[in-house]
Amino acid sequence: MLRVEKLKVGMLPPLTFEVAASECLSIEGPSGSGKTLLLRAIADLDDAEGYVFLDGAERREISAPVWRRRVRYFAAEPGWWAATARDHFPADVDAGRLDRLLDASGLRAGLLDQPTGQLSTGERLRMALVRGLIDEPRVLLLDEPTAALDAQSAALVDELIRFQLLAGRVVLLVSHDPAEIDRLAHQRLQLGAVKRPAAGFGRLLPDGSAAR
Amino acid sequence: MNYVPLSWIDLAAAAVLIVFNGMLSWVLRLGLERSIALATVRMVVQLGAVGFVLKFIFEQTSPLLTAAMALVMVAVAGHEVLARQEARVGGWTAYGIGTGTLFFVGLVATLYSMTVIIGPEPWYAPRYVLPILGMVLGNTLTGISLVFNTITQAARRDRAAIEARLALGETRFGATSSVVVHGVKTGLMPILNAMAATGIVMLPGMMTGQILAGIDPVEAAKYQIMIMFVIAASTALGVILAAIGGAWLITDARHRLRVAALGLT
C-alpha cells in the first residue's frame, strides 16, 4: 500500500491519500496544476516536504535508488542515453520476460537493436514502459502513458496497466483521457482550483486531499 | 651561462613598441587607448612584483615561505576555475572542489618532480618548486574549468536521460556516467593537442626561456619533455577528480539531479 501524507508539492495544499495494492488512482487537473510534480515527488526525484510510505516504510528510511526500484516514475517524455533500446536494459535481463512485455506492448523484438532515435514517439513511449516494468516495481507512477499513442497502441497499454493491477501493483495515473480514467481508475484525485466533487469513486477533502 | 642581461634602457626601448599599439588605436579610432594603457601598467606592475617576490623567496630558501607562496598560487588558480564558468553551480562548494583538486594535484605533481625526477638540493628549492607548480596549476585549471563547464552543460541537455536512469534506480554516479566521461574527454583535449603540436608551430615558453638563458637546446628539450609528462599526468588526475566532484555537485544526497541549481526549473 502506498500512503502519501501531508506531501507539499509546488503551490498545492498538502496532499494526503492512500492507494492500496491492485488499485489505480487517477490524478487529474489542468496543465500546470502539479500532476507531474506530484509523481516526481513520490518517486523522490524532487525534494518535497511531507511523507510517502510504501508498506509502512517512509522514503527517507530507504536509499533513494532502492526506493525508485520499488516506486517507479514513467516520464511523459522518456529519456535515452545509449545507442540502442537493448542497451537500456540490464545485461542479465530475463529474455523470456522481455519478450512477453514487448509482445504485450505491441513492439517487435527487432526494435530492440535499432538506434533509439529511429523509433517513433509511440514506440519509444512503449519501450520506456517495458524498460520500467522489467524489474517489477511495486508502484507505477504513469505520466500520460497513452497521450502520444494511436487508439490501438493505447488499448494495448491500458491492457498492460490492467495486468499490472491484477499482479498487485499500485498505479497512479496522470491522463487527459476521461475514457481511460473511467476504465482504469478506482479512485480519483483532482488537483487545481476546480471545486466540483470528482464523480465516481473518490471525493475531495477541504484541504485538497482525497478520500475514498 | 652566457645570456645577455637586459638593462632598464633596453626595457624602455621595448616599451616604445607598445606606444605603436596606442597610435594604431588613435589613428583607427578604436578607442582602446585606455585599455592598452591599463593592461600595460598591470602587466609591468604584476611581472615586476613577481620578479621581486620570487627573488626574495629564492634568496631565503625557506620551506615555510615557499609553501605560503604555493598556497597563494593554488587559491588564485581555484578562483580562476570559477571565473571561467559560464553558469556557476554550487558556489562555495564548487570553489572547494576546484581548489581542493588543484591543491592535491599540485602537491602530488610537485613532490614527485622534486624527489623522484629533478632532485634539487634542498628538495624544496623554491627556484624549482614554484615554476613547476605554476605550470602544473595553469594547465590543470584549464582542464578543470572545461570539465565543470562541460558537465553542467551536458547535464542540462541530457536531463531527461539522467533522470530516466535515476528513476530506474541508478545511483547519482551511475546516472551521470556518460556526462562525466564527456567531461573528462573534453578536459583532456587541450593538453593532448598541446603535446601533439608542440615544437612544430611554436617552442614552449619554458624551453624558449632556457634557450635564451644559454642552455643547450637538447638539454632544454629534455626539460620540456619532462615537464610535458608531469603536466599531462597532473591534468589527467585533476580532470578525473574534478569530473567526479562535478557529478557530485549536480546531484544531491538523495540521488536527485539538482535541477534548480542547474537553472532548469
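By convention here, each chain's residues receive numbers from 1 onward along its written sequence. All chains are assigned letters beginning with A, and all ligands numbers beginning with 1, in the order in which they are written. Two thresholds apply to this predicted model, a pLDDT of at least 70 for residue-level local features and 80 or more for giving and counting side-chain atom pairs, whereas whole-chain, interface and lining totals are computed over all residues.

(A) Main features of the interface of chain B and chain A. In this description, any two residues whose backbone-derived C-beta atoms lie within 7 Å of each other are considered to be in contact. Contact residues are listed per partner, giving 15 residues for chain B and 18 residues for chain A. When residues are sorted by character, Ala, Val, Leu, Ile, Met, Phe, Trp, Tyr, Cys and Pro go into the nonpolar class, Asp, Glu, Lys and Arg into the charged class, and all the rest, Gly among them, into the polar class. Within the side of chain B that touches chain A, the residues separate by chemical class into six nonpolar, four polar and five charged.

(B) Up close: the environment of Val16 of chain B. All names here are of chain B. Note that Val16 resides in helix 1 (residues 8–27). Judged by C-beta crowding, with 8 C-beta atoms within 10 Å, Val16 ranks as exposed. Through-space distance from the C-alpha of Val16 to that of Ile200 is 31 Å; in sequence the pair is 184 residues apart. Counting from the N terminus, the helices are the DSSP runs of H or I reaching at least four residues and the strands are the DSSP runs of E reaching at least two. Here a residue counts as buried when 20 or more other C-beta atoms sit within 10 Å of its C-beta, as exposed when there are 12 or fewer, and as partly exposed otherwise, the C-beta atoms being derived from the backbone.

(C) Just the environment of Met206 of chain B, in detail. Residue and element names in this part refer to chain B. Relative to the helices and strands, Met206 is located in helix 9 (residues 205–212). Met206 sits 72 residues away from Gly134 along the chain, and the two C-alpha atoms are 11 Å apart. The contacts of Met206, once residues within four sequence positions are left out, are Met135, Tyr223, Gln224 and Ile227.

(D) Expanded view of the sheet that holds strand 6 (residues 71–74) of chain A. Residues and elements named next belong to chain A. Read across the sheet, five strands follow the order 6-7-8-3-9 without closing on themselves; strand pairing throughout is parallel. The open sheet has two edge strands, strand 6 and strand 9 (187–190), and neither has a second partner. In this sheet, neighbouring strand axes are inclined to one another by 15° on average, regardless of whether the strands run parallel or antiparallel. One requirement defines pairing of two strands: DSSP has to find at least two bridges between them. Direction of pairing for strand 3 (residues 24–28) relative to strand 9: parallel, over a ladder of four bridges. Each axis is a line fitted through C-alpha atoms, and for a helix only the stretch in contact is used; angles between axes span 0 to 180 degrees, taken between their N-to-C directions.

(E) Structural view of the pairing of strand 8 (residues 170–174) of chain A. All names here are of chain A. Burial runs high along strand 8: five of the five residues are buried. Two strands pair when backbone bridges link them, and strand 7 (residues 139–143) and strand 8 are joined in this way by five bridges, in the parallel orientation. By the bridge assignment for strand 8, Asp143 is matched with Val174. Chirality of the crossover, the property in question, places the unit of strand 7, helix 5 (residues 151–166) and strand 8 among those that are right-handed. Every crossover in which the path from the first strand over the helix to the second runs clockwise, viewed with the strands pointing away from the viewer, is termed right-handed.

(F) Quick peek at unusual backbone geometry. For the bond from Glu121 of chain B to Pro122 of chain B, the omega torsion is -10°, close enough to zero to count as cis. Along the chain, Pro122 of chain B turns up in the loop between helix 4 (92–118) and helix 5 (126–157). A positive phi is found at Glu144 of chain A, a non-glycine position, where the angle reads about 45°. Topologically, Glu144 of chain A is positioned in the loop between strand 7 and helix 5.

(G) Quick look at the confidence of the model for chain B. For every residue, the pLDDT score states the predictor's confidence, bounded by 0 at the bottom and 100 at the top. Mean pLDDT over chain B stands at 92; residues scoring 70 or higher make up 100%. If you check the scores for this complex, the pTM reads 0.85 and the ipTM reads 0.89.

(H) Geometry of helix 4 of chain B. All names here are of chain B. Multiplying 1.5 Å by the residue count of a helix minus one yields the expected span of that helix. Over its 27 residues, helix 4 extends 36 Å from the first C-alpha to the last, a length consistent with the 39 Å expected when each residue adds 1.5 Å. Bending is quantified residue by residue as the angle between axes fitted to the seven-residue window ending at that residue and the seven-residue window starting at it. The sharpest bend along helix 4 reaches about 25° and sits at Tyr112. Among all positions of helix 4, only Ala94, Ile97, Gly98, Thr99, Thr101, Leu102, Val105, Gly106, Ala109, Thr110 and Ser113 are buried. Taken together, the buried residues of helix 4 touch helix 3 (63–83), helix 5 and helix 10 (217–249). Looking one or two places after helix 4, you find Gly119, whose phi comes out positive at around 70°.

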